[in-house]
Amino acid sequence: MKEDKTKTSMIKKSRRDFVKNTALFTGGAMLLPNLHMSGMANVLGNKKLKLALVGCGGRGTGAAVQALTADDNIELVAMADAFEDRLKGSLANISKAMGETKKINVKEKNQFVGFDAATKAMDLADVVILATPPGFRPQHFEYAVNNGKHVFMEKPVATDVPGVRKVLAAAKKAKENKLNVVVGLQRHYQDSYLAAIDQIKKDSIGKIVSGQVYWNSGGVWVRERQPQQSELEYQMRNWYYFNWLCGDHILEQHIHNIDVANWFVGEYPISAQGMGGRQVRKGKDHGEIFDHHFVEYTYPSGAVIASQCRHQPETMSKVSEFFQGTKGTVYTKGDNATLTDYNGNSIFEHRGKEDPNPYQVEHIKLFESIRNGGVIADAENGAKSTMSAIIGRMATYSGKVIKWDEAMQSNIDLAPDELTWESPAPVQPNADGTYNIPKPGETVVI
């Protein structure tokens, strides 16, 4: 997959700088370069595409701005979120980032709040952005496809196996109905990774037989419990720490690196075994998830990939991938890709400081495909990479070898399809305010 430089010449901005300026809108509105798309082939003539945003957190807000920037004739017409304050804040940030524009037309009546908000917003649109916590993604994606919408959806695409199966079924229908679906595994739209996979396909390092993938960092935000807050609202506000909403950080974050392993090896794992736990992040405000995981994935070809992720402050940070082939190695990190033989000689090097921003490119590609009558079908890979991370979580929680085919039969459903604000939270705290933590050797995962 070669990047079309003519469409991205105005977005020469590194991923590092972009994330620094935009991540979660911490401390203020998003900063965005002045981008403009021109000369886009448009088989739909002058049709204005209507956009709906479902999930108004930082990632959804950023994705909306990127979508509005990616196409000349698009209008944001509807927004949906469980919480009104998040929706209002998102709309303000989108408006500030876009400046004077006619592309934002979200009337008060089209600002939907609550558990039924997503479908109401999607009904008004041609293209939808799905950026809620991932526990809601399967039902939202299914609804979007059943109603003929083109989709950008964030990763992961589910938090449990029934959700993965639902997404796979909807992915098949989307492809049959020629609906475009882009999943926010943006490395597939990043020049350094595209250059590396091109070299792998040219057999530059031979067959990949092993590798190591990493997402080690200090962790993410914690939101304090507020007076009069229901347990359900508390968990929704702190979705990262509850598996029905997030799926643990091996899924929500480390999926990026696991997905790269699948992509470069050219297969999905057949089994996983590993270990994990909570040593540092273990308070009442840290829900039920682990703060570290180590998983060994085995692939049909015999390749074995070691995966590690950690959320522990004051420890080594590392977000990258390293693979060993029969003739050499490939190392990918951010904007750079390096291939080396076993004598230390350089095979190939990509230094991408000035590369187009992959977060923007994925939206440009989506709208180009919609306009040109193409079909981007990311959902199946998104579901299978989600499943890869889920079997890793199953392995660390249980301490057992988890086989893909057996895990795919699981009916353990973490995320309810039907919720109201009167519903009990799917996970309940103990009397002391703590939550039950998975225990290897005891926890049932299939």
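This write-up is about the structure you can find in this document. Keep in mind the model is a prediction, meaning the values are calculated, not measured.

**Quick notes on the overall build of the protein**
Now for step 1: Tallying secondary structure elements over the protein gives 14 helices and 15 strands in all.
Now for step 2: Sequence-distant contacts in the protein: of pairs separated by 6 or more residues, those separated by 24 or more amount to 75%.
Now for step 3: With the model as given, the accessible surface of the protein reaches about 18,500 Å², and the carbon-plus-sulfur share is 50%.

**Details of unusual backbone geometry**
Now for step 1: Note that the residue after K155, namely P156, is joined by a cis bond; omega there is -20°.
Now for step 2: Along the chain, the position of P156 falls in the loop between β5 (150-153) and α7 (161-176).
Now for step 3: At D203, a position not held by glycine, the phi torsion is positive, near 70°.
Now for step 4: Along the chain, D203 turns up in the loop between α8 (191-201) and β7 (208-217).
Now for step 5: One non-glycine residue, E314, lies in the positive phi region at around 60°.
Now for step 6: Relative to the helices and strands, E314 is located in the loop between β10 (304-311) and β11 (318-325).
Now for step 7: Residue E314 is classed as exposed on the basis of its relative accessible area of 83%.

**Things to note about a positive patch on the surface**
Now for step 1: Taken together, the side chains of K48, K50, K102, K107 and K109 define a basic patch exposed on the protein surface.
Now for step 2: Mapped onto the elements, K50 comes out in strand β1 (residues 49-54).
Now for step 3: Residue class for K50 comes out partly exposed when judged on its relative accessible area of 39%.

**Brief notes about the nonpolar core**
Now for step 1: Judged by nonpolar contacts, the single largest core of 93 residues is most densely connected at F141, M153, W244, F264, Y297, F323 and I391.
Now for step 2: Of the residues forming this core, the biggest block, nine residues, is contributed by helix α13 (residues 379-398).
Now for step 3: A70, I74, A131 and F367 belong to the second-largest nonpolar core, a separate cluster that totals 32 residues.

**Structural notes on the pairing of strand β14 (residues 346-351)**
Now for step 1: Of the pairings in the sheet, the one linking strand β13 (residues 336-341) to β14 comprises five bridges and is antiparallel in character. Within the sheet, the bridge partner assigned to T340 lies in β14 and is S346.
Now for step 2: What sits between β13 and β14 in their antiparallel hairpin is a turn of four residues, with G344 showing a positive phi close to 85°.

**Quick look at the sheet that holds β11**
Hydrogen bonding along the main chain pairs the strands of a sheet, whether they run parallel or antiparallel.
Now for step 1: If you trace the nine strands from one edge of the open sheet to the other, you get β14-β13-β12-β11-β7-β10-β9-β8-β15, paired in mixed fashion. Across the chains shown, the open sheet's two edge strands, defined by having one partner strand only, are β14 and β15 (402-403).

**Some points on the environment of T329**
Now for step 1: Inspection of the secondary structure assignment puts T329 in strand β12 (residues 328-333).
Now for step 2: Under the relative-accessibility criterion, T329 is labelled buried at 12%.
Now for step 3: For T329 and S346, which are 17 residues apart along the polypeptide, the C-alpha to C-alpha distance reads 9.8 Å.
Now for step 4: The contact partners of T329, leaving out residues within four places of it in the chain, are I205, F322, F323, Q324, T338, L339, T340 and Y342.

**So, the sheet that holds β1**
Now for step 1: The six strands are arranged β3-β2-β1-β4-β5-β6 in an open sheet whose pairing can be described as parallel. Each edge of the sheet is formed by a strand with only one pairing partner; in this case those strands are β3 (111-113) and β6 (181-183). The mean angle between the axes of side-by-side strands here comes to 15°, regardless of whether they run parallel or antiparallel.
Now for step 2: Where β5 lies against β6, three bridges are found, and the strand directions are parallel. Residue pairing for β6: M153 is matched across the bridge by V183.
Now for step 3: Running at roughly 155° to strand β2 (residues 74-81), helix α4 (residues 84-98) makes contact with β1, β2 and β3 of the sheet.

**Some points on the packing of aromatic side chains**
Now for step 1: Under the counting rule described, the total for this entry stands at 17 aromatic pairs.
Now for step 2: When the centroid spacing of 6.1 Å and the interplanar angle of 75° are considered together, the rings of F136 and W244 count as edge-to-face. Taken together, the residues span a long stretch of sequence, with F136 in the loop between β4 (127-130) and α6 (137-146) and W244 in the loop between α9 (231-237) and α10 (249-252) at a distance of 108 residues. Just as F136 is buried, W244 falls in that class too.
Now for step 3: Note on Y268 and W404: the rings are 6.2 Å apart at their centroids and 40° apart in plane angle, and the pair reads as tilted. In this pair, Y268 is assigned in the loop between α11 (255-265) and β8 (271-277) and W404 in helix α14 (residues 404-407), connecting sequence segments 136 residues apart.

**Section: the environment of Y397**
Now for step 1: Mapped onto the elements of the fold, Y397 is located in helix α13.
Now for step 2: The buried category is assigned to Y397, whose relative accessible area is 6%.
Now for step 3: Residues Y397 and V444, spaced 47 residues apart in sequence, show a C-alpha to C-alpha distance of 8.3 Å.
Now for step 4: Beyond its immediate sequence surroundings of up to four residues, Y397 is in contact with N243, D248, E288, I289, F290, H293, P438, K439, P440, T443 and V445.
Now for step 5: A polar atom in the side chain of Y397 sits 3.0 Å from the side chain of N243.
Now for step 6: A distance of 2.5 Å separates a polar atom in the side chain of Y397 from a polar atom in the side chain of D248.

Each value, and the rule that gives it
- Residues numbered from 1 in each chain as written.
- Predicted model: local features only at pLDDT ≥ 70, side-chain atom pairs only at ≥ 80, totals over all residues.
- Heavy atoms only, no water.
- Helix = DSSP H or I, 4+ residues; strand = E, 2+ residues; numbered from the N terminus.
- Contact = heavy atoms within 4.5 Å.
- Areas by Shrake-Rupley, 256 points an atom, 1.4 Å probe, with all protein chains shown as cover.
- Buried < 20%, exposed > 50% of the residue type's maximum accessible area, 1.4 Å probe, protein only.
- Patch = residues over 30% accessible without salt bridge, like charges linked within 9 Å, V, L, I, M, F, W, Y side chains within 5 Å.
- Salt bridge = Lys/Arg side-chain N within 4 Å of Asp/Glu carboxyl O.
- Lys, Arg positive; Asp, Glu negative; His and termini not counted.
- Charge placed at Lys NZ, Arg CZ, Asp CG, Glu CD.
- Core = buried A, V, L, I, M, F, W, Y, C linked by side-chain atoms within 4.5 Å.
- Pairing = 2+ DSSP bridges.
- Axes fitted to C-alpha atoms, helices over the stretch in contact; angles between N-to-C directions.
- Phe/Tyr/Trp six-rings, centres within 6.5 Å; stacked < 30°, edge-to-face > 60°.
- Polar contact = N/O pair within 3.5 Å; in protein donor to acceptor, adjacent residues only side chain to side chain.

Function cannot be inferred from these measures alone, as they are strictly geometric.
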